[in-house]
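# Understanding the architecture of this molecule
This is what each chain is made of:
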Amino acid sequence: MKPILGFTAKNKYSFSREFIDAAQSSLGLGEELRVMNVLPASGAAQAGLREGDVLVAVEIEPAPQGPDAEHVAAALIGEEMQGRDSLHLTVMRDGERMALDVPLTPACAMALDLGNTDDARSFSDGRRVMVTRGMLDFAQSDDELAYALAREIARNEVMPEARPAMAELIDHLHTIDARTASGDAPAAAQGSYSVSDDSADKLAIYLLARAGYDLDGFQSFWERLESAGQRGIRPATTVASAHMPTVDQTIREIKTKKEDGLPLLP
């Protein structure tokens, strides 16, 4: 759990190059950062921040604009949040300048990114989780997409330290042109990005169980993905056979706890 403000803001450059015109025409985005979502019950919601508000300033610092504004703003907000229990934001709404004091609220602070490649993969860098467009195409159900997300969320929890090579890869896959060949990715993209870990797999399965997802397809999903890799699709890191006992044991453990009415805690 980390303190968050509870909103996302984007401009037209938050999207890869082929979607900038669409972001401008369909979403009305320009150079400035505009609030796109406000998390219910968050500090942002309590303070009255609304979708469509344009970010003008963070404390006394002007909000960044133009290319890379989203990432620069995230760094600025992260720095300004240190040692505070609220953050002063200035926004523009319907032509009127407004000042808001946004309280920080504890929540899962991981950002979710979509990777612009047809390779079926998932990644995490300690603070972000990414699934690729290829993974969205490969997953046959919400449960299967949840399997990929849960594993990366769990990795971030058990390995919270920054992973610069993975962060570089996520940045690359977030911004590349869809027509760019995967071979143009950073060197890290040519190998294996994450190592399967017993503790991460166990936590992932517990996260899925607590969220109400079906666990029976967890192992078969990763096996199918591994098999697809042998047919030419580059898969995400799979559950190696050495980890199957952990997966099976954890699922049995969870089913027993459900039957006995015990808390689903690893």
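Numbering of residues begins from 1 in every chain and follows the order in which that chain's sequence is written. A pLDDT threshold of at least 70 governs which residues receive local features in this predicted model, and a stricter bar of 80 or more applies before side-chain atom pairs are shown or counted, although totals over entire chains, interfaces and linings include all residues. Side-chain metrics rest on all non-hydrogen atoms present in the structure, leaving aside hydrogens and water.

## Overview of the environment of Leu112
Along the chain, Leu112 falls in strand E9 (residues 111-115). Leu112 sits in the exposed class, given a relative accessible area of 56%. Each C-alpha atom of the pair Leu112 and Arg127 lies 9.2 Å from the other, and the pair is 15 residues apart in sequence. We call two residues contacting when some pair of their heavy atoms lies within 4.5 Å. Not counting chain neighbours up to four residues away, the residues in contact with Leu112 comprise Val129 and Leu149. Here a strand is any run of E in DSSP of at least two residues, a helix any run of H or I of at least four, and the numbering for each starts at the N terminus. Relative accessibility thresholds used throughout: buried, under 20% of the residue-type maximum; exposed, over 50%; partly exposed, between the two (1.4 Å probe, protein chains only).

## Focus on the packing of helix H5 (residues 142-158) against helix H7 (residues 198-210)
If you want to describe how two helices pack, look at the angle between their axes and the distance between the axes. As a packed pair, H5 and H7 sit with axes 8 Å apart at the nearest point and diverge in direction by 125°. For the element pair H5 / H7, the angle class is oblique. Taken as a pair, H5 and H7 cross one another with a handedness that is right-handed. Only Ser199, Ala200, Asp201, Leu203, Ala204, Leu207 and Leu208 of H7 make contact with H5, whose side of the interface consists of Ala146, Tyr147, Ala150, Arg151, Ile153, Ala154, Arg155, Glu157 and Val158. Classification used: nonpolar for Ala, Val, Leu, Ile, Met, Phe, Trp, Tyr, Cys and Pro, charged for Asp, Glu, Lys and Arg, polar for all others including Gly. In the contact of H5 with H7, the residues fall into 11 nonpolar, one polar and four charged. Simply put, an axis is a line fit to the C-alpha atoms, just over the touching stretch for a helix, and the angle between two N-to-C directions goes from 0 to 180 degrees. Convention used here: angles under 35 degrees read as roughly parallel, angles over 145 as roughly antiparallel, angles from 65 to 115 as roughly perpendicular, and any remaining angle as oblique. Crossings are classed by handedness, with left-handed meaning an anticlockwise turn of the near helix from the far one by less than a right angle and right-handed meaning a clockwise turn.

## Quick word on the pairing of strand E4 (residues 54-58)
Counting buried residues along E4, four of its five residues qualify, which places the element largely inside the surrounding structure. Here, any two strands with at least 2 DSSP bridges between them count as paired. Bridge count between E4 and strand E6 (residues 86-93): four bridges; the pairing is antiparallel. Note on E6: the bridge partner recorded for Val58 is Leu89. Taken together, the two bridges between E4 and strand E5 (residues 61-62) define a ladder with antiparallel strand orientation. Each bridged residue has a counterpart across the sheet, and for Ala57 the counterpart in E5 is Pro62. Linkage of E4 to E5, two consecutive antiparallel strands, is achieved through a turn of two residues, within which Glu59 is found at a positive phi near 55°.

## A look at the packing of aromatic side chains
Two aromatic rings from Phe, Tyr or Trp, using only the six-membered ring of Trp, form a pair when their centres are within 6.5 Å; if the ring planes differ by under 30 degrees the pair is stacked, by over 60 it is edge-to-face, and anything between is tilted. Under the defined criterion, the tally for this structure stands at five aromatic pairs. With a centroid separation of 6.3 Å and 70° between ring planes, the pair formed by Phe218 and Trp222 is classed as edge-to-face. One end of the pair is Phe218 and the other is Trp222, both in helix H8 (residues 218-230) and four residues apart, which spans about a single turn. Trp222 matches Phe218 in its accessibility class, with the two residues each being buried.

## Section: the pairing of strand E7 (residues 96-103)
As paired elements, E6 and E7 share eight bridges and run antiparallel to each other. In the sheet register, Leu89 faces E7, and the bridge partner there is Leu100.

## Side note on the nonpolar core
Nonpolar side chains tend to gather and get buried jointly when the protein is soluble and globular. The definition of a nonpolar core used throughout is a set of buried Ala, Val, Leu, Ile, Met, Phe, Trp, Tyr and Cys residues joined through side-chain atoms within 4.5 Å. The biggest cluster of nonpolar side chains holds 25 residues, and the ones touching the most others in it are Ile205, Leu208, Leu215, Phe218, Trp222 and Ile254. Of all the secondary-structure elements, those providing two or more residues to this core are helix H4 (133-138), H5, H7, H8 and helix H9 (244-260). Considering every element that reaches this core, the biggest residue donor is H7, with six residues. Core analysis: the second largest hydrophobic core is formed by 22 residues, Val38, Val58, Ile77 and Met81 among them.

## Points about the confidence of the model for the chain
When pLDDT is low, close inspection of the predicted coordinates is not appropriate. The predicted model of the chain averages 84 in pLDDT, with 85% of residues at 70 or higher. Confidence of the predictor in every single residue is expressed as pLDDT, which spans 0 to 100. Within the chain, E4 carries the highest mean pLDDT (97), whereas helix H6 (residues 164-175) carries the lowest (82). In the predicted structure, residues 178-185 sits below a pLDDT of 50 and forms 12 contacts with residues beyond four places in sequence or in another chain. For residues 187-195, every residue scores under 50 in pLDDT, and the model assigns this stretch 21 contacts once sequence neighbours within four places are set aside.

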